[in-house]
Amino acid sequence: MSSKLEYTLAGMVGLAASSCAMAGDLSTATDPTFRLAVIFSPHKTELSAPSFMASVGQLPKDHSNEGAGYYGFLGEANFGKVSLGVDYLTGTSNTVAGGLDYTPNSPTFNPLTHVNTELISLLAGYNVVDHPAIGKLDVTLGYFRQWDQPSISPANWFDGLEIGIKGRRAWDDKFALTYRIGYVPNLAAHGNAKDANVMTGKNAWNFRLGAEVPVHKSFSVVAGYEKIVAKYKFVVDDSNISATSAGFYLGGMVSF
């Protein structure tokens, strides 16, 4: 994991300390269960920023790009009613032929060419529903951060407090469905976007739907789909900018 995550890891340590203290006070607390999945994901990114494109002399159109080499991990620790979680994904989008052609109104210009991205969510959850029919449902509070290093500009990153829910429904420890919905109501802008006064953050949604299939003892195969939708404002004319990153993932998980 890169040095860009140092201060977020410090926040995670703080979450862990406070949550473990809470767990010690719960009469229903049990021995913690840990799950750690390593995942691989081809992701597609879409950007809609027509006013911004026009301001830099390019066609006011939407752009998209894919990347085959995104990887990361999903981690969770359960302490009775209290849980901690971390989602991490990093990778680089494909290099688009002619993507850095700055000729005015270039038909090949693409700001998403060769963009290095890191996504991280740190979560603390509290169980509010535990029923055989629907499984476990937790309310969550955490921290979301998206860091991007484009080829066309210095790095930007956006972060904020995330609220949401997550759940898990298992069938006799043979199969499980998982889901997570997170919302960042105030997305703060940092780096070049803020320093150059180009855009400010608005909000973001974070979705994940997955499945776990045990294959041998504590090892399972995991698969699913995740999507992040972030909204920003272009400072010049206060118009909306939206960026969507989505894709399926596949990996292996160890439970202990």
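Cut-offs used in this document
Residues numbered from 1 in each chain as written. Predicted model: local features only at pLDDT ≥ 70, side-chain atom pairs only at ≥ 80, totals over all residues. Heavy atoms only, no water. Helix = DSSP H or I, 4+ residues; strand = E, 2+ residues; numbered from the N terminus. Buried < 20%, exposed > 50% of the residue type's maximum accessible area, 1.4 Å probe, protein only. Contact = heavy atoms within 4.5 Å. Salt bridge = Lys/Arg side-chain N within 4 Å of Asp/Glu carboxyl O.

Brief notes about the environment of A170
Right, so step 1: Among the secondary structure elements, A170 is positioned in strand β6 (residues 156–171).
Right, so step 2: We classify A170 as partly exposed; its relative accessible area is 26%.
Right, so step 3: On a C-alpha basis, the gap between A170 and A133 in space is 9.7 Å, while along the polypeptide they are 37 residues apart.
Right, so step 4: The residues contacting A170, other than those within four sequence positions of it, are F175 and A176.

What about the environment of G252?
Right, so step 1: Within the secondary structure, G252 is located in strand β11 (residues 240–255).
Right, so step 2: Relative accessible area serves as the criterion here: at 21%, G252 is assigned to the partly exposed category.
Right, so step 3: For the pair G252 and V38, spaced 214 residues apart in sequence, the C-alpha separation works out to 5.7 Å.
Right, so step 4: Ignoring any residue separated from it by four or fewer positions in sequence, one finds G252 in contact with L36, A37, V38, F219, S220 and V222.

Comments concerning unusual backbone geometry
Right, so step 1: In the Ramachandran plot, N197 falls in the positive-phi region, its phi being about 55° despite a non-glycine side chain.
Right, so step 2: Relative to the assigned elements, N197 resides in the loop between α3 (192–195) and β9 (199–216).
Right, so step 3: Although it is not a glycine, K217 adopts a positive phi angle of roughly 50°.
Right, so step 4: Summarising the element assignment, K217 is placed in the loop between β9 and β10 (219–234).
Right, so step 5: The class of K217 is exposed, set by a relative accessible area of 77%.

What to know about the pattern of salt bridges
Right, so step 1: Using the criterion set out here, one finds nine salt bridges in the structure.
Right, so step 2: Of the charged contacts in the structure, one is a salt bridge between E76 and R35, with a shortest N-O distance of 3.2 Å. Of this pair, E76 sits in strand β2 (residues 63–79) while R35 sits in strand β1 (residues 33–48), and the two are 41 residues apart along the sequence.
Right, so step 3: The salt bridge partner of E76 is K166, with a shortest N-O separation of 2.6 Å. Of this pair, E76 sits in strand β2 while K166 sits in strand β6, placing them 90 residues apart in sequence.
Right, so step 4: Connected through salt bridges with shared partners, the residues R35, E76, D138 and K166 form a single ionic network.

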